[in-house]
Structures are given as structure tokens and as C-alpha cells.
Amino acid sequence: MGSAVITARAAATFDPVGRSVATARAFVRDTLQGWGYSEVIDDAVVLTSELVTNAVIHAGTSADVLCLRTEDGVRVEVADHYPEREVPIQGSAQSFGSPDRENGRGLLLCAALASRWGVEYTPTHKQVWFELDLPARAVGTRSAGPVLPTSLLPVADERVRVAVVQIDRATTVVSWNEDARHLFGYEAEQVTGKPLTDLAAWPQTPGIGMGIVEALQLSRWEGSYGITGADGRVIPVYASHLRVRDTHGEPSTVCLLVRDHERAVIQTPLRAPATDAGADSRTADPFEIFIGSPAPDDLDGLLQRTVERARDMLDGDSAFLLLATDDETELEVRASTGLPSARQRFARVPVEAGTGRYGSARMPAVHDDLLAVPGAVPLLNDTGMRSVVTVPLKVEGRLTGSLGVAAEGAGRYSNEEALRLQFAADRIALAVESARLGELERLRRGSLSFLVEASDLLAGTLDRDQTLALMAQMTVPTLATWCAVYTIADQSSDPYLSYVLHEDEERIDGLKALLSKIDPPDPVPAPGARIWTAPADAAHQAALRTSMRELGGTQVSSVGTTLATAAAVGGETVVLPLVARNRVIGMLTLGKPSDDHFRQEILELAEDLSRRAALALDNARLYSERTAISQALQRSLLPQGLPQIPGVEVDVIYRAAGEGNEVGGDFYDLFPIRDGAYGFAIGDVCGTGPEAAAVTGLARHALRLLAREGFSGPAVLERLNAAILDEGARSRFLTLLYGELWPQEDGSALLKVVCAGHPLPLRLRQDGTVEPSAEPQPLLGVMEDLELYEQTVTLDPGDVLLCVTDGVTERREGTRMLGDDGLADVLRNCTGLTAGAVGARVLRAVERFAAEPASDDMAILTMRIPEPHLAH
């Protein structure tokens, strides 16, 4: 600001999110109001809003806002962290923006509104600054009001008492005058040396997003709060704070306090509303006079500026704007100033709340004193507001919303203020409705895209745990801050907490612990979301107990987790039933953090998602159950283990084709028949899957039963053939290699084998010779009268007998097939290997023969007679 002396400064940084623009506006407004620069507040707020928008929305970085005060005016600097962004040079011929373009519009406004402005660069950020000069004032005049008749002067007590309290840099009381003693009941020695924060009930001034400690650091501040008197009652006061420094440079704050109803004694008068200044301009647009130019393009920005201007126009302490839901039965809070916005945003109230004419949002209404009509305006419950004026927003006679301004004092508004506010509401109703419909259209399109994507994801899995995880990940953080899924196994089971997710991973364990300690929500099948207060209540109680133990001197290690969990679940929690096939199979619970609410559109979207998720979850359950049954039945078709045969190494490799199949049409078995004799079999049923597996079970169990009855190999297979044919249409032909084995005392083994249509067993001798060890005979399940015979084979020490199914020999790569010759070539290279190594080498050769996965079942049975020096 050239050589001007800076008398005060205030700085803040805002994150790169949309809501930061409104927060920055409030910061600048409150700062300049505290400095007494009300004349330039509107221009400063408009310019700050545009420059912060450029930083956090367009540049996508955080915004640093610095306010500097001098005796002649104010300088505001807005810096982002994107120095590469192109900014036009001031004074050049290049056009640097237009009102119709968001990008660069802030610079156009600076040129139009600011006394001076400019752009500065550093290696790390870009800074845009502007200066606003104060209008000329009469010498010695801060502000002045007209001469008034005595009857119009504000009413005060017989003696006006002004408490003067001085606070040092640590907010400790160092001075307490006689009027302070009279107003609050404390002697000076009782409060001197104690922090003012011990006495102040804060905040009582809506619209200030700071605490009293921060307010006492400002160069000047003015507003309402409460002081706890000696009798324990909170005394509402109006205060003016002025920060000074002594001759040694030590800062302190002087506080002037009066009873709240005597605020006129120290209150700085506000300048007249902008509408008055422009009353003579017949060409001015009433919308622009109220909202300012340019108007925000986004709905939230438009609504926020509306409530701020409405509050200023009627000199209120707070303002709010509600928009109607689609069915116009409820109003939803969309913007507020001077109220705890986090708690109120998206809260819903009925249109016809309250009694008499004050209860309807369809007509203008003035409430002289809310204490006389409790609950007349539910939004203002427990906010300290006493009087309020509300007007409807209507488009073509249809209710689209409601605008209200409230004050802490009673009787602040009359019909005249209602008419002024109604005039403003009529000017902005059409713009608000247009922006609202545009937002609804975007929400609907987004909802459709969300549901399509959700349906695709849910349909892509039949795994129960993965379905639960997908449900949670689709809702957090898109629809809610946290979610929990409860499942119900059957009609007689209680709901079970199956999955918990929070957008902050560090909160998941605390949230899960909290939900595990409370009863689950009732499984009500009624559609739609219903409020569930148990988590918030339990979290509040846990936080209260933890705080009391900590105050009592007990060290509580989990205090941080408990308080964080309480904040995480302190908002609205809703439960949606998961209904599939006319049965409640669980509940989807969605939650918001402290004092937050769900939008109606979000709840409707969550309800659509819950219906899709319920069906996907039930499908996953049915699939899991049937898969478990199928796998249990399949496992029963294979032997549990292989017996130990003295003097014989045995190894089996089995691979079933098809997803989820543990057993297919191929099978094997090795079992003791009687002392010293063992039966073995390897077979292949025509086809794969459950039908082939059924014949597999019949064949394996029949083989064991018939062999143990003493039948020879041919007799066993002939009777099995008859049993297969008895199945009629369900029968399948079967190739089978069956044999009986007798280990001999000289270290060899005697085998008797029957090969019914199966690939011939191959014998590997120690010298590398490979030869078939049986002759082919008719397969089973085709002819009734079979005449089979068995062949005797003696395996010498070092010999290997390899038995495979046709999934091995018919392995294909294009027109090539492994075949019997290819298998024999593989086996020739297995001399000296153990039975397990032979089987593994054969399997590796089969897998490498073709790039594609095997499409047929495979079984490999290997028996080897070890050499005498290796046999133990």
C-alpha cells in the first residue's frame, strides 16, 4: 500500500474445495466488520469471492488470503500455488476476461471495483491483490445518526453500566471495573488473573466461525455472547473489543460490555442497505442490486450470497434459505449464515410446521418472539434466535423455497421488513429455481451412471465377502461418510455385523468396536431409509464417560479414538433394509459425521442401490451354499489318501476341468483288497461335470465292493458294466484300466490288469525301453455281453508303470496332438526318477505342449519298483 502504515492484519488459508469460497467470504466480511470498514465490505467480499474461486476451483490449489488495514483503506491479497497459470498483464491491450467467463473474471472485477490492483509472482505462488479506499469522512466523525425524537431513542436501564475488562495476551483478566462487578457479581480479586474464557459462554453470535480466543486476537471485534455470572446464570451481553499495545509494545485487549438489550450504547451503526443507494437508478436490475454483479453460476454460491445479502439488508444476526423437495412436502436447508451450518445443512423440515400463519412457508411470516411460539421455526431451535421473518420463494405460483432472516433480540422485525425481504425473494426466485433444476438434472444423470456402474460391479462377482466389500466401497464416500452392513443368515438368526467401512481408515476399528457393543437395528422390511439414533447416542455416552474419567485424573489411553469415533458417527444415521426374494437378508447402515444430514436425493439413490445390492448378496449366498454342497459331494468321489504299499512307490496327479469342479469324469483309486494284495484303477467317464462325476462315484465304489468280494478283474468289470447299463438314460460309457498288484519277496511286483477301452499303461524299464503292458479291450457301458480277460505283468526293480487318462494323450495345440508316441518319448527320459518325479515331468510336458489351459480332465497314476539299494 505504498507508504501507508499497516495498523492491523488478518490471514487465513483455505483448502482447494468448493465450500472454501463461502468460508473465505465470511472471513473477509467478519474481519472488515471488526475493523469498522463497513463501507467497503461488499466490494471486498465480491472481489475475494472471485479470486478465491480462481485459486481453489480453477487453479486447484489452496488459497492464502491476507487482509491489511491502514487509516485510509484496506488491501486484500489472494495467493494460489499455481504460478505457471497464465495471467494477463495489467495495462496491456490483451483482453483479460469477460463477465461470461469464470476464468479471469476476478481480474475484470478488480479493474472495475478496486482503487488499485495488481498481480505478483514468486517461484512458488501467484498473488493477486487489490486496494479499496475509504470514502471521505468528516474530521473526527466515525459514524453518526440523525437527530431523533426522544420517543424513538433506544430504551436502557435507569443507569447504563458499561463493564470495562482488560485482557492480556494470554486472555487473562488484568482489569475489572466497578460496573463489571455490578453486572456480573464478581469482585475484581475473584476474576483477576483468570482467563476470560472461564466466564464467557461462546459463541452467542451466529455467523462468527471462531472462538473467543481467536476473537480476542483481532484488532477490533463487535458482537454478542454470554458471561456466566456469580449466581451461575448466563447473562447475555453485547461487547466491543479493541486490541491495543502499551508503550513497551505489550498487547492487550480492552472489552466494553453492556447488557444485550442495551447494545445501541456501543454498537457501530451499519451503513444503509445497497438497495437504498441504488434507489434513484431506474435502469438498475433489481436482481443485481440485491445479489451483486456478477451473480454466481453455481447453485451453492448463489444461495450463500443470497443469505449473506439478506442478513445484511435487514441487519440480522443470521439468515437461512430452504429449497423444496421434488414433492414439495418438505423443505431442505441449503444455505445459512450465522447458524451452525454443519448441523443444519440438508436438514429437512415439513412445509406446514408450527401453528397459525407463522407455521406456513407459503406466506410471509413475522415472529416477534420465538419463545412465545416454541417450535414455530424448527431450524432455529436452540440457536439463541428470538425474532425471525420468513418469506416464500415462488415461481409461477409454485413454492420452490423459503428465505428467512433472524435476530437474537425479540421484536426486531415488522411487516415492513417482510415486504422488503419478499421483494428481494421475488427477484432471485427464478434464478434459484433455474439453478436448482440444473443441479437436479446433474444429480439424476450422475445417479443413473452410478447405478449402472454399481450393477455391473455387483453382477461381476458371486463371492459373498467381495460383494459386501463392493457394497461398502460404492457407498463410501460417494453417499455417506461411513457404512456398516448387517447380514441375517436365516429367519431365526439375529443380524450380524459383517462389514464396516469409513472414509478415514483410522476410524474403522473404533467404529467397528462401537457398533459391536450396541444392539443391531431391527430388520424391518418396510422400504425406504429410517433414522437410527443408537450409534450417535452410544458414541456420545462413551465420549462423555471418557472425558469424565480424564477430568477425574484417570489416564484413558483410548480417549483420542473414543472422541474421534464420537465425531465420526455424531451426525445422521439411516438404515435401509436389504430385501431379496421377499426376505430381509440384512441391513445397510449409512452415517454422517457430527451434526450432518443426508440429502433426500442421496437417500433415494441409496435405496435403489440397496435393492440391487440385496439381490447380489443373496445370489452370492446361494452360489456359496451350492458350491459348498457340490464340492463336498465331489470330494467324496476321490479316495481320502493312498495306502502305503511295501516295496512299491505310488504317486497320483489329478486335475479336473471346469471352474469350481474338484472331480470330473476322470477318476483313480488305489485300495487294499486282502492281505498282500492291492487293487488299482484309473478311468474316464464320457463327458465332464456333475453328470460324469455321478458315474465316477458309481464306478469307484462298485470296484472296491466287487474286488473285496473276491471277484477276478474281468468279473469285476463285467458286473460294473451291467451296473452302468442299468442306469438307463443316465448311463455313460466308461474307459477303465483295472489291475491287482502283489509285491513279491524278491523285490519285484506281480500285476494282473484289464484295459477296457482305456489308454494302454506304459512300462519303463531301467534301460530306457518303453512298451505297453496290456492289450486293448472293449470299453464299458456300451454292450451288455462283455468277455474280458486279464493279463499278467511283472515289474522288476527300477521299472515304472505309467497309467494316464486321455486328457494327457489327447492334449492338442492346433492340429498337433501329444498322443501315445509323444507320451512314450517323455517317459523314456524319466529313467532313474522316483514315481513322484515321473508324474511331475509328465504333467509339465503336457502343460507346455499347448499355450491354452487344458479343457479335459487329467489323471496320472505312477507306480515304481525301487532298486534294492534304495528300498527301505
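Above this text is the structure in question.
The text that follows walks through the structure, step by step, so that each part is easy to find. (Residues numbered from 1 in each chain as written. Predicted model: local features only at pLDDT ≥ 70, side-chain atom pairs only at ≥ 80, totals over all residues. Heavy atoms only, no water.)

### Comments concerning the overall build of the chain
Right, on to step 1. Each helix and strand in the chain was counted, giving 21 helices and 34 strands.
Right, on to step 2. Burial statistics for the chain: of 872 residues in total, 49% are counted as buried.
Right, on to step 3. Restricting to contacts in the chain with at least 6 residues of sequence separation, those with at least 24 account for 62%.
Right, on to step 4. Surface exposure of the chain reaches about 41400 Å², of which carbon and sulfur atoms provide 51%. (Helix = DSSP H or I, 4+ residues; strand = E, 2+ residues; numbered from the N terminus. Buried < 20%, exposed > 50% of the residue type's maximum accessible area, 1.4 Å probe, protein only. Contact = heavy atoms within 4.5 Å. Areas by Shrake-Rupley, 256 points an atom, 1.4 Å probe, with all protein chains shown as cover.)

### Digging into the sheet that holds strand E31 (residues 800-804)
Right, on to step 1. In space, the 5 strands of this open sheet follow the order E23-E34-E31-E28-E29, with antiparallel pairing throughout. The open sheet has two free edges, formed respectively by strand E23 (649-655) and strand E29 (770-772), since each of these has just one partner strand. Each adjacent strand pair in this sheet contributes to an overall mean axis angle of 20 degrees, direction not counted.
Right, on to step 2. Pairing analysis gives 3 bridges linking strand E28 (residues 762-764) to E31, with the strands arranged antiparallel. Within E31, the residue paired with Leu764 across the bridge is Val800.
Right, on to step 3. Its contacts with the sheet put helix H20 (residues 819-828) on E28, E29 and E31, and the angle it makes with E28 is roughly 20 degrees.
Right, on to step 4. The strands that helix H21 (residues 835-849) touches are E23, E31 and strand E34 (858-864); relative to E34, the one it contacts most, it runs at about 150 degrees. (Pairing = 2+ DSSP bridges. Axes fitted to C-alpha atoms, helices over the stretch in contact; angles between N-to-C directions.)

### Observations concerning the pairing of E34
Right, on to step 1. When you tally the buried positions in E34, you get 7 out of 7 residues, the bulk of the element.
Right, on to step 2. The pairing of E23 with E34 spans 7 bridges and is classified as antiparallel. Across the sheet, the residue bridging to Val650 is Met863, located in E34.

### Here's the deal with unusual backbone geometry
Right, on to step 1. Pro477 follows Val476 through a cis peptide bond whose omega is 0 degrees.
Right, on to step 2. Tracing the backbone through its elements, the reader meets Pro477 in the loop between helix H12 (464-475) and strand E18 (482-487).
Right, on to step 3. One non-glycine residue, Thr171, lies in positive phi territory at about 60 degrees.
Right, on to step 4. Along the polypeptide, Thr171 turns up in the loop between strand E6 (163-168) and strand E7 (173-176).
Right, on to step 5. Backbone geometry at Asp382 places phi at a positive 60 degrees, although glycine is not the residue there.
Right, on to step 6. Overall, Asp382 belongs to the exposed group, its relative accessible area being 81%.

### Describing the side chain of Thr481
Right, on to step 1. Tracing the chain through its elements places Thr481 in the loop between H12 and E18.
Right, on to step 2. Not counting residues up to four positions away in its chain, the partners in contact with Thr481 are Val476, His502, Glu503, Gly591, Lys592 and Pro593.

### Some thoughts on the sheet that holds strand E21 (residues 573-580)
What links the strands of a sheet is backbone hydrogen bonding, and the strands pair in either a parallel or an antiparallel sense.
Right, on to step 1. Strand order in this open sheet of 5 strands is E19-E18-E22-E21-E20, and the pairing throughout is antiparallel. Across the chains shown, the open sheet's two edge strands, defined by having one partner strand only, are strand E19 (496-502) and strand E20 (530-531).
Right, on to step 2. Direction of pairing for E21 relative to strand E22 (residues 583-591): antiparallel, over a ladder of 8 bridges. Bridge pairing in E22 links Leu576 to Leu588.
Right, on to step 3. Against the sheet, H12 touches E18, E19, E21 and E22, its axis set at about 40 degrees to E19.
Right, on to step 4. Sitting on the sheet, helix H13 (residues 508-517) is in contact with E18 and E19, with an inclination near 150 degrees to E19.

### Section: the side chain of Gln304
Right, on to step 1. Checked against the element boundaries, Gln304 lands in helix H9 (residues 299-313).
Right, on to step 2. For Gln304, a relative accessible area of 14% corresponds to the buried category.
Right, on to step 3. A distance of 3.3 Å separates a polar atom in the side chain of Gln304 from the backbone oxygen of Ser336.
Right, on to step 4. Excluding anything up to four places from it in sequence, Gln304 contacts Ala22, Arg25, Ala335, Ser336 and Thr337. (Polar contact = N/O pair within 3.5 Å; in protein donor to acceptor, adjacent residues only side chain to side chain.)

### Side note on the packing of H20 against H21
Helix packing geometry: the angle between the two helix axes and the distance between the axes.
Right, on to step 1. Interhelical geometry of H20 versus H21 gives an angle of 135 degrees and a closest axis separation of 10 Å. With respect to H21, the element H20 is oriented oblique. Here H20 runs over H21; the crossing is right-handed. In this structure, H20 contributes Leu823, Val826 and Leu827 to the contact, and H21 contributes Val838, Arg841, Val842 and Ala845. (Parallel < 35°, antiparallel > 145°, perpendicular 65-115°, else oblique. Left-handed = near helix turned anticlockwise from the far one by under 90°.)

### Describing the pattern of salt bridges
Right, on to step 1. Going through the model one piece at a time under the given rule, you end up with 31 salt bridges.
Right, on to step 2. Between Arg25 and Glu308 there is a salt bridge; the shortest N-O distance is 3.6 Å. Here Arg25 is found in helix H1 (residues 19-35), whereas its partner Glu308 is found in helix H9, with 283 residues between them in sequence.
Right, on to step 3. Judged by its relative accessible area of 4%, Arg25 falls in the buried class.
Right, on to step 4. When salt bridges with common partners are traced through the structure, they connect Arg75, Glu77, Arg116, Glu120, Glu131 and Asp133 into a single cluster. (Salt bridge = Lys/Arg side-chain N within 4 Å of Asp/Glu carboxyl O.)

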